[in-house]
Amino acid sequence: MSRNQPTTDVILIGAGIMSATLGTLMKQLEPEWNIKVFEKLSQPGEESSNEWNNAGTGHAALCELNYTTENEDGSIDISKAVKVNEQFRVSTQFWSYLVNQRLLQEPERFVRPLPHISLVHGAKNVTFLKNRFEKMIENPLFDGMEYSEETDTLKQWMPLVMEKREPREPIAATKIDTGTDVNFGALTRDLFTHLEEEKVDVQYNRSVEDVVRTEDGFWELKVKNEADQTIEYHTAPFVFIGGGGGSLHLLQKSGIPEGRQKGGFPVSGLFLSCKNTEIIEQHHAKVYGKAKEGAPPMSVPHLDTRYIGGEKTLLFGPYAGFSPKFLKTGSMLDLFQSIKPDNLFTMVASGAKNMPLTKYLIQQVLQSKEKRMDELREFIPDAKAEDWEMVTAGQRVQVIKDTEEGGKGTLQFGTEVVTSEDGSIAALLGASPGASTAVQVMLDVLERCYPDHIGKWEPKIRDMVPSYGKKLMDHPELLRRLEAENAETLGLTASENAKAENPSV
Ligand SMILES: Cc1cc2nc3c(=O)[nH]c(=O)nc-3n(C[C@H](O)[C@H](O)[C@H](O)COP(=O)(O)OP(=O)(O)OC[C@H]3O[C@@H](n4cnc5c(N)ncnc54)[C@H](O)[C@@H]3O)c2cc1C
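Note that the structure is predicted; figures quoted are calculated from it, not measured. (Residues numbered from 1 in each chain as written. Predicted model: local features only at pLDDT ≥ 70, side-chain atom pairs only at ≥ 80, totals over all residues.)

Chemist: Would you take a moment to explain the pairing of strand E14 (residues 238-241) for this structure?
Modeler: Consecutive side chains of a regular strand alternate in pointing toward one face of the sheet and then the other. In E14, alternate side chains face the same way, and those of Phe238 and Phe240 on one face and Val239 and Ile241 on the other are all buried. As defined by bridge partners, strand E1 (residues 10-13) adjoins E14 across four bridges and the pair is classed as parallel. Within the sheet, the bridge partner assigned to Ile13 lies in E14 and is Ile241. Note that E14 and strand E22 (residues 425-430) share three bridges and pair parallel. Paired with Phe240 across the bridge in E22 is Ala426. (Buried ≥ 20, exposed ≤ 12 C-beta atoms within 10 Å, placed from the backbone. Helix = DSSP H or I, 4+ residues; strand = E, 2+ residues; numbered from the N terminus. Pairing = 2+ DSSP bridges.)

The following block contains the structure:
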C-alpha cells in the first residue's frame, strides 16, 4: 500500500469510551470532518471500558472515601470530591443531550439509578465519616446525603451487609440516592454505532504500530491489519491516542518532548462475582469501604449491584494485583518495553520508591480464593465460597513522572492528557476517575488542541453541556434544574430508583 493515503481530518486510536466520546463531540461540532478510528480488537469497548473490566461506578465522589482526605487538624478536604462530582455532571449533561437528540436510545442500557453508600468500622473511621458528611452536606453538589450510626437504619439501607452482623465496634454509613451504575461497555458500543451511522470510518482488527511526524507537519500512522498482516499508512493533521493502557507506547513512538520522562505502572484487577440470585436480590447499592493501610486507592473494596446485559448482578472487589501487561490483551513485555533512555531514571526511582506497593500487589495476586472470601466477609459476614467466582477485570496503567512535590518517579493516581505544544497530537494516560469523567477530559482535549476553534464551538458546546465554563456548585439553581432534567431524561429519578429496587411495585 502506498504511503500517500488521502489525508483525514482526525484519527482516533482505540475504540474505548475516550475515543467514542471525543469522536461524538467532534461530529456534533464539525459534522463535515473526516474521522477515522483504528482499533486492534474486533469490536469497540473490549478493554477497560468493557462492563466486566471496570466497576461501573458513575464516579461522582458520593461514596468513594479516597476523594476526601483528613487534614492534620481533623478537618476534611473535599476539593477533589467537588471536582470529580462536577466532572460527572458534565457527563450526565452530555448523555442527556444525546438521548434528547435520539442519538442514543434507551438510556437504561447504559445508566441506572443506584444508591451510593460509604461504610466504615471503628471509632476513628466513624469520626472521619461524620466530619466528612458534615462538610459535604453544606455543599449543594451533595444534597440528599444521609448519615447514620443506627443499626436499624443501616439494616434498611443494606440488609445483606448488616444481617448476621454483630457489631463489636462502632459502625457508620452515609447514603445518597442520586448515585448511578454505568455500563461503560454498552455506552461505548452505542456511541460507536452512532459514529458509524455518521460515516465515521471505524476499522477493527487494525493495530497502530507507529506514529511519526511527516515533513509537512502531519502525523503518519503505520497500521497493521491483524487479519492478513498487511501494513497501511494513514496521515492526519490531528491524532488522539486513546489506546487505554496502550497509549504510553504510542506516545513514546510519537517522540514529542511532552511524552518524555513518563512511565507506566500497571495494576490489574479481579472481582468476585455472585452466582446466587437469592443473594443478588438482597442487595441494591454500591457500598464502598476504606482502603486498607498500604493499599493503593484503586483497591478500595466495594460491594456493587451491577446491571450487565439487562440483568442484575453483584460484584465485590476489585482485588488489585500485579501483571506487567498494559492491556488485558497486552504482552508480558509491555512494562519492560516502556523503559526508554529518557525515562530510565524516572522508572528506577519509581521502582525503589514503590517497592512496598509492588510487594503488596504481588501478595494480592498470590492470595487464595478463601483469603479473598475473608475480605468479602467483612461486607457479607456469612458469604459462602460456592456462591462466588473470580472474574478478571481490566488493567490500569498509572502514570509515573517526576513532580516537584514527590520528586523523581512519582506514581500518580489520576488521569493525564499529554498534548504536543502545537496541539496536533494528544494522548490520554492514567485511569482514574476514568470513564466517568470522559466528557470533561475530552472537552479539555478540544480546548488544548483546537484553541482557534473553541470560541466558534462554544454555543454548540453549551447546547450539549449547559453548565460549560461554570462551576455548578456556585450556581445552585442551575444545578437543581439540570439535575432534575437529566434525571428525567436518563431515567434516574427517585421513582425509577424505587422501581429498580423492587420491580414488583
Ligand atoms: C478494575 C477497573 C475498575 C474500574 N472502575 C471504574 C469505575 O467504576 N468507573 C469509572 O468511571 N472508571 C473505572 N475504571 C476506569 C475506566 O475503565 C477507564 O478509565 C476507561 O475505560 C478508559 O477508557 P479508554 O477509552 O481510555 O481505554 P480502553 O477502554 O482500554 O480502550 C482503549 C482501546 O484502545 C485499543 N488499543 C490499544 N492500543 C492500540 C493500538 N496500538 N492500535 C489500535 N488500538 C489500540 C484497545 O484495544 C482498546 O480497545 C476502571 C478500570 C479498571 C481496570
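Chemist: I keep staring at unusual backbone geometry and nothing clicks. Help me out?
Modeler: The bulk of non-glycine residues show a negative phi, and the bulk of peptide bonds are trans. In this model, Gly317 is joined to Pro318 through a cis peptide bond whose omega is -10 degrees. Relative to the assigned elements, Pro318 resides in strand E18 (residues 311-321). Phi at Ala61 takes a positive value of approximately 60 degrees, unusual for a residue other than glycine. Note that Ala61 resides in the loop between strand E2 (35-38) and strand E3 (69-70). Even without a glycine there, the phi angle at Lys199 is positive, about 70 degrees. Within the secondary structure, Lys199 is located in the loop between helix H6 (184-197) and strand E10 (201-203).

Chemist: Sorry if this is basic, but what is going on with the sheet that holds E10 here?
Modeler: If you trace the six strands from one edge of the open sheet to the other, you get E10-E2-E1-E14-E22-E21, paired in mixed fashion. Strands at the two margins of the open sheet, each flanked by one partner only, are E10 and strand E21 (415-419). On average, adjacent strands in this sheet sit at an angle of 15 degrees to one another, irrespective of strand direction. Relative to E2, E1 runs parallel, the two sharing four bridges. Bridging from a neighbouring strand, Ile13 pairs with Phe38 of E2. In the packing of helix H13 (residues 438-449) onto the sheet, contacts are made with E14, E21 and E22, and the angle to E21 comes to roughly 20 degrees. (Axes fitted to C-alpha atoms, helices over the stretch in contact; angles between N-to-C directions. Contact = placed C-beta atoms within 7 Å.)

Chemist: Any chance you could explain the nonpolar core here in plain terms?
Modeler: A general trend in soluble globular proteins is that nonpolar side chains are found buried together. Ile13, Val239 and Met442 are the most contacted members of the largest nonpolar core, which has 74 residues in total. By residue number, the principal contributor to this core is H13, which donates seven residues. Excluding residues within four positions of it along the chain, Val239 makes contact with Ile11, Ile13, Val211, Trp219 and Ile425. (Core = buried A, V, L, I, M, F, W, Y, C linked by C-beta atoms within 7 Å.)

Chemist: What's the story with the site of the ligand in this structure? I'm lost.
Modeler: Taken together, 42 residues form the shell around the ligand, and within it Gly14, Gly16, Gly244, Gly246 and Gly434 come nearest. Take the shell around the ligand: its biggest share by element is four residues, from strand E19 (residues 388-403). Of the residues contributing to the shell around the ligand, the split by class is 17 nonpolar, 20 polar and five charged. (Near = placed C-beta within 6 Å. Nonpolar A, V, L, I, M, F, W, Y, C, P; charged D, E, K, R; others polar.)

Chemist: How do you make sense of the environment of Gly406 when you look at a structure like this?
Modeler: Looking at the secondary structure, you find Gly406 in the loop between E19 and strand E20 (407-411). A sequence separation of 322 residues divides Gly406 from Val84, and the C-alpha atoms of the two residues are 23 Å apart.

Chemist: Which parts of the structure should I look at to understand the sheet that holds strand E17 (residues 302-308)?
Modeler: Sheet strands associate in pairs through backbone hydrogen bonding, adopting either a parallel or an antiparallel arrangement. The nine strands are arranged E7-E8-E6-E16-E17-E18-E15-E19-E20 in an open sheet whose pairing can be described as mixed. Where the open sheet ends on each side, the last strands, each with one partner, are strand E7 (146-148) and E20. Ignoring which end each strand starts from, the neighbouring axes of this sheet average 25 degrees apart. Two strands pair when backbone bridges link them, and E7 and strand E8 (residues 171-176) are joined in this way by three bridges, in the antiparallel orientation. From the neighbouring strand, Tyr147 faces E8, where its bridge partner is Thr174.

Chemist: Would you explain the environment of Met26 in this entry?
Modeler: Examined against the element boundaries, Met26 turns out to sit in helix H1 (residues 17-29). Looking at Met26, the number of C-beta atoms within 10 Å reads 25, which means it is buried. Between the C-alpha atoms of Met26 and Leu446, which are 420 residues apart in sequence, the distance is 8.6 Å. Ignoring any residue separated from it by four or fewer positions in sequence, one finds Met26 in contact with Val10, Trp33 and Ile35.

Chemist: Is there a simple way to explain helix H3 (residues 123-136) in this structure?
Modeler: Since one α-helical turn is 3.6 residues long, residues separated by three or four positions face the same way. For H3, spanning 14 residues, the distance from its first C-alpha to its last is 20 Å, which sits close to the expected 20 Å at 1.5 Å a residue. Residues of H3 that are buried: Phe128, Leu129, Arg132, Phe133 and Met136. The buried side chains of H3 occupy one side of the element, clustering within an arc of 130 degrees when seen end-on. Opposite the packed face of H3, turned more than 90 degrees from it, sit the exposed residues Ala123, Lys124 and Glu134. The elements touched by buried residues of H3 are E3, strand E4 (76-77), helix H2 (79-100), strand E6 (116-121), E7 and E8. (Expected span 1.5 Å × (residues − 1). Arc of directions from axis to C-beta.)

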